[in-house]
Amino acid sequence: MADTSLRSTTKEELDGTLARLEAIWDDIGLTEDQREDRRRHFYGHIANLCDKIIDDEMALKIRITNNIDRNTRHILKLSEELCVESEESVDGLTLLELDAMMQERMEKLQQLKDERQETLKHLQEKDEGLCELLCETPYFIPSGLVPSREDLHAMEEHVKTMEKEKEEREKTFQKLKAGLLNFLEQLEQSPEDSFIQEVICSDDEDIPLGKAYLQQLRTVHSDLEFRVHENEAKSLELREKISNLWSLLQVSHDEQAAFLATAPKHTPSNIAKLKQELDKLLLLRLQNMSLFVEKLKEEVTVWWNKCYVDRKERERILAMSSGEANEDIMCVYEKEVEKWRKYYTKNSELLGMVASFLTLFENMLELEDRAKDPSRLFNTRGGALLLEEKAKKKVKAELPRVQERLIERVLAWEEREGRPFMIYGMQITQYMEELWESHDVKKEVEKNKRLQAKGVDVKRGTNLGTPHMRTPVSVLGSAKKRVRDGDDVGSVKKSKHLIVPGGVMFKSPSKSALLRSPIKTPRGKPLADCNPLVPLNPVTSTSIEASLHSTITYDKFEDKLRSSSECLNSTTFDQAESGMQKTLF
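Residues numbered from 1 in each chain as written. Predicted model: local features only at pLDDT ≥ 70, side-chain atom pairs only at ≥ 80, totals over all residues. Heavy atoms only, no water.

**Here we look at the overall build of the protein**
Next, step 1: Within the protein, the secondary structure is distributed over 20 helices and four strands.
Next, step 2: Looking at the protein as a whole, 34% of its 585 residues qualify as buried.
Next, step 3: Long-range pairs, those at least 24 residues apart, make up 76% of the contacts in the protein with a sequence separation of at least 6.
Next, step 4: Accessible surface computed for the protein: about 36,600 Å², of which carbon and sulfur atoms make up 54%. (Helix = DSSP H or I, 4+ residues; strand = E, 2+ residues; numbered from the N terminus. Buried < 20%, exposed > 50% of the residue type's maximum accessible area, 1.4 Å probe, protein only. Contact = heavy atoms within 4.5 Å. Areas by Shrake-Rupley, 256 points an atom, 1.4 Å probe, with all protein chains shown as cover.)

**With respect to the pattern of salt bridges**
Next, step 1: According to the stated counting rule, one finds 25 salt bridges in the structure shown.
Next, step 2: The closest approach of N and O atoms between Glu36 and Arg39, which form a salt bridge, is 3.3 Å. Placement of the pair is Glu36 and Arg39 together in helix H2 (residues 32-82), with a separation of three residues, close to one helical turn.
Next, step 3: The salt bridge partner of Lys241 is Glu237, with a shortest N-O separation of 3.5 Å. In this pair, Lys241 and Glu237 are both assigned in helix H6 (residues 211-249), four residues apart and thus about one turn of the helix distant.
Next, step 4: A relative accessible area of 42% places Glu237 in the partly exposed class. (Salt bridge = Lys/Arg side-chain N within 4 Å of Asp/Glu carboxyl O.)

**A word on the side chain of Ser148**
Next, step 1: You can see Ser148 is positioned in the loop between helix H3 (95-134) and helix H4 (149-186).
Next, step 2: Here the side chain of Ser148 touches Asp151 through a polar contact of 3.2 Å, side chain to side chain. (Polar contact = N/O pair within 3.5 Å; in protein donor to acceptor, adjacent residues only side chain to side chain.)

**Section: the nonpolar core**
Next, step 1: Val354, Phe357, Leu406, Phe421, Ile423 and Ile428 are the most contacted members of the largest nonpolar core, which has 56 residues in total.
Next, step 2: For this core, the secondary-structure elements that each account for two or more residues are H6, helix H8 (268-287), helix H9 (289-307), helix H11 (327-346), helix H12 (348-371), helix H13 (384-417) and helix H14 (428-464).
Next, step 3: Sort the elements by how many residues they give to this core and H12 lands first, with ten residues.
Next, step 4: Excluding residues within four positions of it along the chain, Phe421 makes contact with Tyr343, Leu350, Leu351, Val354, Val410, Trp413, Glu414, Met426, Gln427 and Ile428.
Next, step 5: Grouped together as the second largest cluster of nonpolar side chains are 29 residues, Leu120, Leu152, Phe173 and Val220 included. (Core = buried A, V, L, I, M, F, W, Y, C linked by side-chain atoms within 4.5 Å.)

**Points about the confidence of the model for the protein**
Next, step 1: The predicted model of the protein averages 75 in pLDDT, with 76% of residues at 70 or higher.
Next, step 2: Averaged pLDDT values for the elements of the protein fall to 33 in helix H15 (residues 473-484) and rise to 91 in helix H7 (residues 253-262).
Next, step 3: Here residues 464-585 scores under 50 on pLDDT; set against residues more than four positions off or in separate chains, the count is 178 contacts. (pLDDT = per-residue confidence, 0-100.)

**Digging into the packing of aromatic side chains**
Next, step 1: For the structure on display, the rule yields ten aromatic pairs.
Next, step 2: Centre to centre, the rings of Tyr424 and Tyr431 are 5.7 Å apart; their planes meet at 45°, and the pair counts as tilted.
Next, step 3: Connected via pairs of aromatic rings, a cluster forms that spans Tyr308, Tyr424 and Tyr431.
Next, step 4: Geometry around Tyr344 places Lys306 over its ring, the cationic atom sitting 5.4 Å from the centre. (Phe/Tyr/Trp six-rings, centres within 6.5 Å; stacked < 30°, edge-to-face > 60°. Lys NZ or Arg CZ within 6 Å of the ring centre and 35° of its normal.)

**Here we look at unusual backbone geometry**
Next, step 1: Despite not being glycine, Gln250 has its phi angle at roughly 60°, a positive value.
Next, step 2: On the accessibility criterion, Gln250 (63% relative accessible area) is exposed.
Next, step 3: Even without glycine at this site, Tyr308 takes up a positive phi of about 55°.
Next, step 4: The residue Tyr308 is located in the loop between H9 and helix H10 (311-320) in this model.

**Observations regarding the environment of Arg35**
Next, step 1: In this fold, Arg35 is placed in helix H2.
Next, step 2: Note: C-alpha distance between Arg35 and Leu21 (14 residues apart in sequence) is 9.2 Å.
Next, step 3: Every residue in contact with Arg35, bar those within four places of it in the chain, is listed here: Glu22, Trp25, Asp26 and Leu30.

**Focus on H10**
Next, step 1: What H10 keeps buried is the set Glu313, Arg314 and Ile317. The arc enclosing the buried residues of H10, seen along the axis, measures out at 100°, which places them on a common side. For H10, the exposed residues set more than 90 degrees away from the buried face come down to Lys312 and Ala319.
Next, step 2: Where H10 is buried, its residues touch H9 and H11. (Arc of directions from axis to C-beta.)

**What to know about the packing of H12 against H13**
Next, step 1: Where H12 contacts H13, the two axes come as close as 9 Å, and the packing angle between them is 150°. Taken together, the axes of H12 and H13 lie roughly antiparallel to each other. The hand of the H12/H13 crossing is left-handed.
Next, step 2: Tallied by class, the residues present in the contact of H12 with H13 amount to 16 nonpolar, three polar and seven charged. (Axes fitted to C-alpha atoms, helices over the stretch in contact; angles between N-to-C directions. Parallel < 35°, antiparallel > 145°, perpendicular 65-115°, else oblique. Left-handed = near helix turned anticlockwise from the far one by under 90°. Nonpolar A, V, L, I, M, F, W, Y, C, P; charged D, E, K, R; others polar.)

**Here's the deal with H3**
Next, step 1: With 40 residues, H3 ought to run about 58 Å at 1.5 Å a step, and its terminal C-alpha atoms sit 57 Å apart, in line with that.
Next, step 2: Of the residues one or two after H3, Cys135 is the one with positive phi, at around 60°. (Expected span 1.5 Å × (residues − 1).)

What follows is the structure, given as structure tokens:
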């Protein structure tokens, strides 16, 4: 409708224009040919105008089409550079709509490209700064290419890694720098080296944090640390020597504390003071040489006893240090003290177990000797017999356990050290075996003494005409019980275990345990030559005879009974006999 109206209006305007032209031509007086010529000219202008309009519109169409093609090509290129898929085309759109849509798509892709390039530029600048500080190679992305999402992600991770590395290296630098300052202070030294001056005096932000630089810094740090530890070792060594000399010279604690307050650190100046003090004490030691040697001799004796040193070894050292006190003798004792102090410190646990075993063994011998004294039966005040019985039970329970554990620890020590564990010049297992053998021999000798003493008493009673005393039933019963429980010495000697009254067996070192030791000590060595603390006297005929004379006979025991005012019954004989024969561990 609008188009028809527009056409009719245009036709009317053309007709009106021709009418006005005809009127003008009438006024001019143009002929018909002239008018025809002008009409053709008029219509030619209109035709040309229409052609021009058509050409312009056609040019517009071509321009839009070219624009669409150009945008399409640009979109494909951007999609390829950005590694994204291009959007699908939409059907049924006019050229203008299609042009607008393609323009919009192209602008979005271009914006994405610009953003990625801007992000890449920012990350590269950051990475270059970090890598320059850390003396590392920057992350490489070819120039001229649009980075993909993966490239940007990898770049971001690299930058984060560099930032983290920077933080760690800064911490390392600060730690090393603080260490340098501390070491220089302890060494009382100024930073003379140019590198150290650069580290200490320069601004931390200007210091490169490259691996080579930090490694050089670590090297300087290690050198200064070594010197500090070296001074510390010297200082401790001097302090130990001074302390030993103070102890030998009996310097008061107040004087010691006053001096130590003047040299509390391990700096060179303090070490100089310690050296002066040591020189002064050494001079005093030379002036009191004999006193020093005597005290060192006492000290080395203490360590010998703690470490159970063989008597021959002691005599060898004493022979080396015989004569008038001098510097050489003092050095011998000092070395010996240091040697056995270190040995005791290293093996204190094992030596403590040896001491526990020997203490229990001595307690067992003491209790056995006490059981042979009949006078204890008449002194029962304060529960003495009860306490004695408790002590026997404790020793009986503790001694085998300590011995077994000691042997296990000794075997482990010998396997670890590759040499036998010696006390008094013997392997510990051989020493234990000889202790038990000596104990068994002693018991056998005492048994023979009792039998001989009883024979003398019976013979004396027969000669006097007295009736033979009948053995109490309780004594026979207890004797049978002891035989059943393995109190016979012969059975003890044949067995690998030591059997005591009450059925309790104590395991002695077996031959296999002795063979497990790396070095076998000869069994023929007298124990008394090796153990000055626990002497074992050899059993001879003379010693047996002397012991028989000192044995308490039945007459003495009977006199004791008669002199007692207490009422006694037959069980007293059983108790006395049992007390004289009973042996406990």
